[in-house]
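Listed here are the chains, written in short residue letters.
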Amino acid sequence: MSHAWKMGRILKDFLYGELASGRRPTGRPQLRFKDACKRDLKQMNIDINTWEAAAADRSAWRCKVQKELQQFEDELKRQAEDNRFQRKFRPLSDAPASMFGYATFLQLHILVTDNTGLEL
């Protein structure tokens, strides 16, 4: 029984060991510059099939890219603020009233301050 197990182990090491020491690196192939540009254009809602024609007019292309980039960054900031708000102000679970969490402290602090930050 142990002989068959050792033979299986040796065969497995031989077959899979070749992949680890071959010329190709392990893992995902690296992105080409063109692939990274296409990914970024998609994220900024620029059509990847017609971007080359749009880029021929440099001033219009620059305006378009700056506008789309600003919208993309604004959306990222809005998502980050929404995530932060959900983290900080999530409702407390069925905890006793004597246990105040940090979110409750912030909620109470916001209730007792006006928009200028001065306590009422």
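Since the structure is predicted, the reported quantities are computational estimates derived from the model, not experimental observations. (Residues numbered from 1 in each chain as written. Predicted model: local features only at pLDDT ≥ 70, side-chain atom pairs only at ≥ 80, totals over all residues. Heavy atoms only, no water.)

Engineer: Just to check I follow, could you spell out the overall build of the protein chain for this structure?
Structural biologist: Each helix and strand in the protein chain was counted, giving five helices and zero strands. Its helices and strands taken in sequence order, the protein chain reads α-α-α-α-α from the N to the C terminus. Taken across its 120 residues, the protein chain has 9% of its residues classed as buried. Considering only contacts within the protein chain whose residues lie at least 6 apart along the sequence, 12% involve residues at least 24 apart. Taken as a whole, the protein chain presents about 11300 Å² of accessible surface, with 57% of it coming from carbon and sulfur. (Helix = DSSP H or I, 4+ residues; strand = E, 2+ residues; numbered from the N terminus. Buried < 20%, exposed > 50% of the residue type's maximum accessible area, 1.4 Å probe, protein only. Contact = heavy atoms within 4.5 Å. Areas by Shrake-Rupley, 256 points an atom, 1.4 Å probe, with all protein chains shown as cover.)

Engineer: Can you help me understand the environment of Ile46 in this one?
Structural biologist: Relative to the helices and strands, Ile46 resides in the loop between helix H2 (33–43) and helix H3 (51–55). By relative accessible area, Ile46 is classed as buried at 5%. Between the C-alpha atom of Ile46 and that of Val65, which follows or precedes it by 19 residues, the distance is 8.3 Å.

Engineer: I would appreciate a short explanation of unusual backbone geometry in the present structure.
Structural biologist: As a rule of thumb, non-glycine residues mostly have phi less than zero, and peptide bonds are mostly trans rather than cis. A positive phi angle is found at Asn45, which is not glycine, with a value near 60 degrees. Mapped onto the secondary structure, Asn45 falls in the loop between H2 and H3. Here Asn45 falls in the exposed class, since its relative accessible area comes to 62%.

Engineer: I keep staring at the pattern of salt bridges and nothing clicks. Help me out?
Structural biologist: Working definition: two side chains of opposite charge can pair if their charged atoms are close together. Summed over the entire model, instances satisfying the criterion amount to four salt bridges. The partner of Asp35 in a salt bridge is Arg32, and the shortest N-O contact between them spans 3.0 Å. Residue classification places Asp35 among the partly exposed positions, given a relative accessible area of 26%. Judged by its relative accessible area of 54%, Arg32 is exposed. (Salt bridge = Lys/Arg side-chain N within 4 Å of Asp/Glu carboxyl O.)

Engineer: Is there a simple way to explain the side chain of Glu68 in this structure?
Structural biologist: As for its position among the elements, Glu68 is in helix H4 (residues 58–88). Buried and without a salt bridge, Glu68 has Lys67 as its closest oppositely charged side chain, separated by 4.2 Å. Ignoring sequence-local partners within four residues, the contact set of Glu68 consists of Met44, Asn45 and Ile46. (Lys, Arg positive; Asp, Glu negative; His and termini not counted.)

Engineer: When you look at the packing of aromatic side chains in this model, what are you seeing that I'm missing?
Structural biologist: Inspection of the entire model under this criterion finds two aromatic pairs. Relative to Trp61, the ring of Trp51 lies with its centre 6.1 Å away and its plane at 40 degrees, an arrangement referred to as tilted. Of this pair, Trp51 sits in helix H3 while Trp61 is found in helix H4, placing the two residues 10 residues apart along the sequence. Here Trp61 falls in the buried class, since its relative accessible area comes to 18%. (Phe/Tyr/Trp six-rings, centres within 6.5 Å; stacked < 30°, edge-to-face > 60°.)

Engineer: Honestly, the confidence of the model for the protein chain in this entry has me stumped. Any pointers?
Structural biologist: Detailed reading of the predicted coordinates is not advisable wherever pLDDT falls low. For the protein chain, mean pLDDT is 75; residues scoring 70 or higher make up 59% of the total. Mean pLDDT per element in the protein chain: helix H5 (residues 102–111) is the minimum at 56, and H4 is the maximum at 92. (pLDDT = per-residue confidence, 0-100.)

Engineer: What is the right way to look at the environment of Cys37 in this model?
Structural biologist: With respect to the secondary-structure elements, Cys37 resides in helix H2. Residue classification places Cys37 among the partly exposed positions, given a relative accessible area of 28%. Sequence separation between Cys37 and Ile48 is 11 residues, and the spatial gap between their C-alpha atoms is 9.1 Å.

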